[in-house]
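Chains, contacts and geometry: an overview
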Amino acid sequence: MLLGCIGDDFTGSSDLGNTLAKEGMRSVVYSGVPSSPAESDVEAGVVALKSRTIPVAEAVAQSLAALDWLQAQGCTQFVFKYCSTFDSTPEGNIGPVAEALAERLSAQSVIVCPAFPGTGRSVYQGHLFVKDTLLNESGMEAHPLTPMSDPDLRRWLSLQTRLPIGHIPAETVFKGVDSIRQALTDANGRLLIVDAIRDEDLYAIGSAAADLPLITGGSGIAMGLPANFRAKGMIGEAGASWQGEDGPCAILSGSCSQATRGQIARHKTRHPAMEIPAEAVMSGEVTAQTVAGWILASSGLPLAYTSADPATVAAAQAQFGRDTVATKIETLFAETAQLLHQRGVHRLIAAGGETSGAVVEGLGVSTLEIGPEIDPGVPAIRATGKTLTLALKSGNFGGEDFFEKAAKVLA
């Protein structure tokens, strides 16, 4: 294994695996830190954690454990992958994890770049944009777990870490690889926010980072990394093979993002949909058996969702407690996914990072093989050793017809 990656959720990890696979690296996503060595032909390993919103100390411990395993597989460079909307609170977890990894690897210049132009995320003058809107005006300011109230990544990151923060501006990036490489050497800071608004910026940043032990960012930051290994003769041009699955398909959605709510609204006009109120989950009125039974009895492409507008989510959190609601809903989706697969559903689509993590854990999946891209940032995935294909979608990703498109690609 050459490139070792640590993702803070399952959708982001599959997104990163997708980016690397498209650039010709044989990429495998692991659900949590594996207990055994990787296969010898894996070139990029992505350890998918559920560390985005857990306590800081736990996130750091899990990330360091993932680093230890990846180092044992022979990796020579490492990527810490987080969401392209920099999902975090003033306490973390991005800063503390990046700091811990940098200290363990003795990394002095660490790129921090969540840009992903293919999905409208760009970094300019140290500020994060979602298309033409600043992050804190994009809807992310109302996120139920990680409300993003400041688009200035320098200010936000400085709240989370003791390491000095620097900035490499767009004017430097636009000059190309040599300019970026020199800026990385001369930068006044250890965690360096790097501007990027185009794919070519990310390729240039990746090329300039060829000798850095640690890089952090969204999946786009990895676009230029495979070429570095190819230039050294360490990888070839082989692409990933893919085989889908026949049979029923189901959708489970727990994301409250604007994009997912739009996808749900469209899907409901064409297919069966079951809304699951948080109150019904908390009271026990709706169980995994209830949801799985409804899906199995439905025709077409059934969707079960807890997704709601931020005000509704906030009301449920205020009544029952944020962590309690989240745990109950994740358990519901995990158990539902398990029941569906046991009863012959071989294609599953999950919307939302926490939902996707719950589904993967409920299914007992340990290794995920990356297949073709469904929409930017969302690949089809095969669960190794199972008759099961998956689409794990970050809440903000995908077009309005994503669910129908995903079902076809998984088939």
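Our subject is the structure listed above.
Residues numbered from 1 in each chain as written. Predicted model: local features only at pLDDT ≥ 70, side-chain atom pairs only at ≥ 80, totals over all residues. Heavy atoms only, no water.

Let us now look at the side chain of Arg 52. In this fold, Arg 52 is placed in the loop between β3 (44–48) and α2 (56–72). In terms of polar contacts, Arg 52 uses its side chain to reach the side chain of Asp 8, at 2.7 Å. (Helix = DSSP H or I, 4+ residues; strand = E, 2+ residues; numbered from the N terminus. Polar contact = N/O pair within 3.5 Å; in protein donor to acceptor, adjacent residues only side chain to side chain.)

Here the structure, examined in full by the defined rule, presents five aromatic pairs. Ring centres of Phe 80 and Tyr 82 lie 5.3 Å apart, and the angle between their planes is 70 degrees; this geometry places the pair in the edge-to-face category. Across the pair, exposure class does not vary: Phe 80 and Tyr 82 are buried alike. Between Phe 116 and Phe 397, the aromatic rings sit 5.8 Å apart at their centres with planes inclined by 80 degrees, giving edge-to-face as the arrangement. (Phe/Tyr/Trp six-rings, centres within 6.5 Å; stacked < 30°, edge-to-face > 60°. Buried < 20%, exposed > 50% of the residue type's maximum accessible area, 1.4 Å probe, protein only.)

Bringing the environment of Val 286 into the picture now. Here Val 286 lies in the loop between α10 (278–283) and α11 (288–297). Val 286 sits in the buried class, given a relative accessible area of 12%. A sequence separation of 46 residues divides Val 286 from Leu 332, and the C-alpha atoms of the two residues are 8.8 Å apart. Setting aside chain neighbours within four positions, we find Val 286 in contact with Met 274, Ile 276, Ala 280, Val 281, Val 291 and Leu 332. (Contact = heavy atoms within 4.5 Å.)

Looking only at helix α12 (residues 310–320), the buried set comprises Val 313, Ala 316 and Gln 317. The buried residues of α12 occupy one face: seen down the axis, they fall within an arc of 100 degrees. Set apart from the buried face of α12 by more than 90 degrees, the exposed residues are Ala 311, Ala 318 and Gln 319. Against α10 and α13 (322–342) lie the buried residues of α12. A distance of 3.0 Å separates the backbone nitrogen of Ala 311 from a side-chain oxygen at the start of α12, and that oxygen is part of Asp 309. At the C-terminal side of α12, Gly 321 shows a positive phi close to 100 degrees. (Arc of directions from axis to C-beta.)

On the surface, Tyr 124, Phe 174 and Ile 197 cluster together into a nonpolar patch covering about 270 Å² of accessible area. Its place among the elements puts Tyr 124 in strand β6 (residues 121–124). (Patch = residues over 30% accessible without salt bridge, like charges linked within 9 Å, V, L, I, M, F, W, Y side chains within 5 Å. Areas by Shrake-Rupley, 256 points an atom, 1.4 Å probe, with all protein chains shown as cover. Salt bridge = Lys/Arg side-chain N within 4 Å of Asp/Glu carboxyl O.)

Next up on the list: the sheet that holds β6. Read across the open sheet, the three strands follow the order β6-β7-β8; overall the sheet is antiparallel. Edge positions in the sheet fall to β6 and β8 (133–134), since each of these pairs with one other strand and no more. Two elements, strand β7 (residues 127–130) and β8, share two bridges in a ladder whose sense is antiparallel. Across the sheet, the residue bridging to Val 130 is Thr 133, located in β8. (Pairing = 2+ DSSP bridges.)

In short, shape yes, function no, at least from these values alone.
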